[in-house]
Amino acid sequence: MTTSAEIIQPKIVHALAIEPLSIERQQIVIQQTHVYIERAKQLFKIKAASMDIVFNLKGRAAGMYRVKQQLFSQSREIRYNTYIFSKHFDDNLKTTVPHEVAHYVSDIIYGLKNIKPHGREWKKIMFAFDADAAVTANYDLSGIPTKKLRTFIYQCACGDRQLSAIRHNKIKKRRYQYYCRTCKQTLLYKNNDAI
Ligand SMILES: [Zn+2]
Ligand SMILES: [Zn+2]
């Protein structure tokens, strides 16, 4: 059996992490979404179909509109990325909100199957909204969790430590040991797989 040791520095994992959007600001986004829906009702004489507004989009996109097909019905939803909104709030309020509402409106008027996502029908709605129809935004995404990496909780005398899957596997498969730099204890795996 070989034992390798490596000293790790306890690090503050989320020092630069962006906080998700506050409830107050989520309310502003929801209100603004309804402002554009009301505007669309007047501009295009549409009957608004019910739609959910949720803040569960992850990754690099700021927003997404989708229709979920159920057996006998459809449900529509706009999903917003709570981290990207948090980091670039005003800009997303001006661009992402009308962008997604325009998808919703084009779906009601034409049906998503019958048009291109950012085609002339969608562009016409964006123009009527007086919103920027550029499709890609170059947001600085530093601090935004774009990929969720699994971490494993270990313990030393100082408390809990998060180890990456890479380190965890070295311990499990290659019998590495890691020591806490502060208390010098071996980090022990706190088995929380059941959670
Ligand atoms: Zn789009
Ligand atoms: Zn320690």
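Our structure's up above, just so we're on the same page.
As the structure is a computational prediction, the values presented were derived from the model and not from experiment.

(A) Up close: the environment of Thr 182. On the secondary structure map, Thr 182 appears in the loop between strand E7 (177-180) and strand E8 (188-189). Accessibility expressed as a C-beta count within 10 Å gives 13 for Thr 182, which makes it partly exposed. C-alpha of Thr 182 to C-alpha of Cys 156: the two residues are 26 residues apart in sequence and 9.4 Å apart in space.

(B) Fine view of the sheet that holds strand E5 (residues 151-156). The strand order E6-E5-E8 describes an open sheet built from three strands, whose pairing is antiparallel. This sheet does not close on itself; its edge strands, each paired only once, are strand E6 (159-164) and E8. In the packing of helix H6 (residues 165-174) onto the sheet, the strands contacted are E5 and E6, and the crossing angle to E6 comes to about 95°.

(C) H6, seen in detail. Taking burial as the measure, the ten residues of H6 include zero buried ones, a minor fraction of the element. Phi turns positive one or two residues past the end of H6, at Arg 175, with a value near 60°.

(D) Region of the structure containing the pairing of strand E4 (residues 74-80). In the sheet, strand E2 (residues 51-54) pairs with E4 via four bridges, with the strands oriented parallel. When the bridges of E4 are listed, Asp 52 appears paired with Glu 77. Where strand E3 (residues 63-69) meets E4, seven bridges bridge the pair, whose relative direction is antiparallel. Following the sheet pairing, Val 67 is matched in E4 by Arg 76. Counting the residues between successive antiparallel strands, the hairpin from E3 to E4 contains four residues.

(E) Highlighting the sheet that holds E3. Pairing in this open sheet of three strands is mixed, and the strands run E2-E4-E3 from one edge to the other. Of all strands in the sheet, those bounded by a partner on one side alone are E2 and E3. Strand-to-strand, the axes of this sheet are offset by a mean angle of 20°, without reference to chain direction.

Rules of the game
- Residues numbered from 1 in each chain as written.
- Chains lettered and ligands numbered in written order.
- Predicted model: local features only at pLDDT ≥ 70, side-chain atom pairs only at ≥ 80, totals over all residues.
- Helix = DSSP H or I, 4+ residues; strand = E, 2+ residues; numbered from the N terminus.
- Buried ≥ 20, exposed ≤ 12 C-beta atoms within 10 Å, placed from the backbone.
- Pairing = 2+ DSSP bridges.
- Contact = placed C-beta atoms within 7 Å.
- Axes fitted to C-alpha atoms, helices over the stretch in contact; angles between N-to-C directions.

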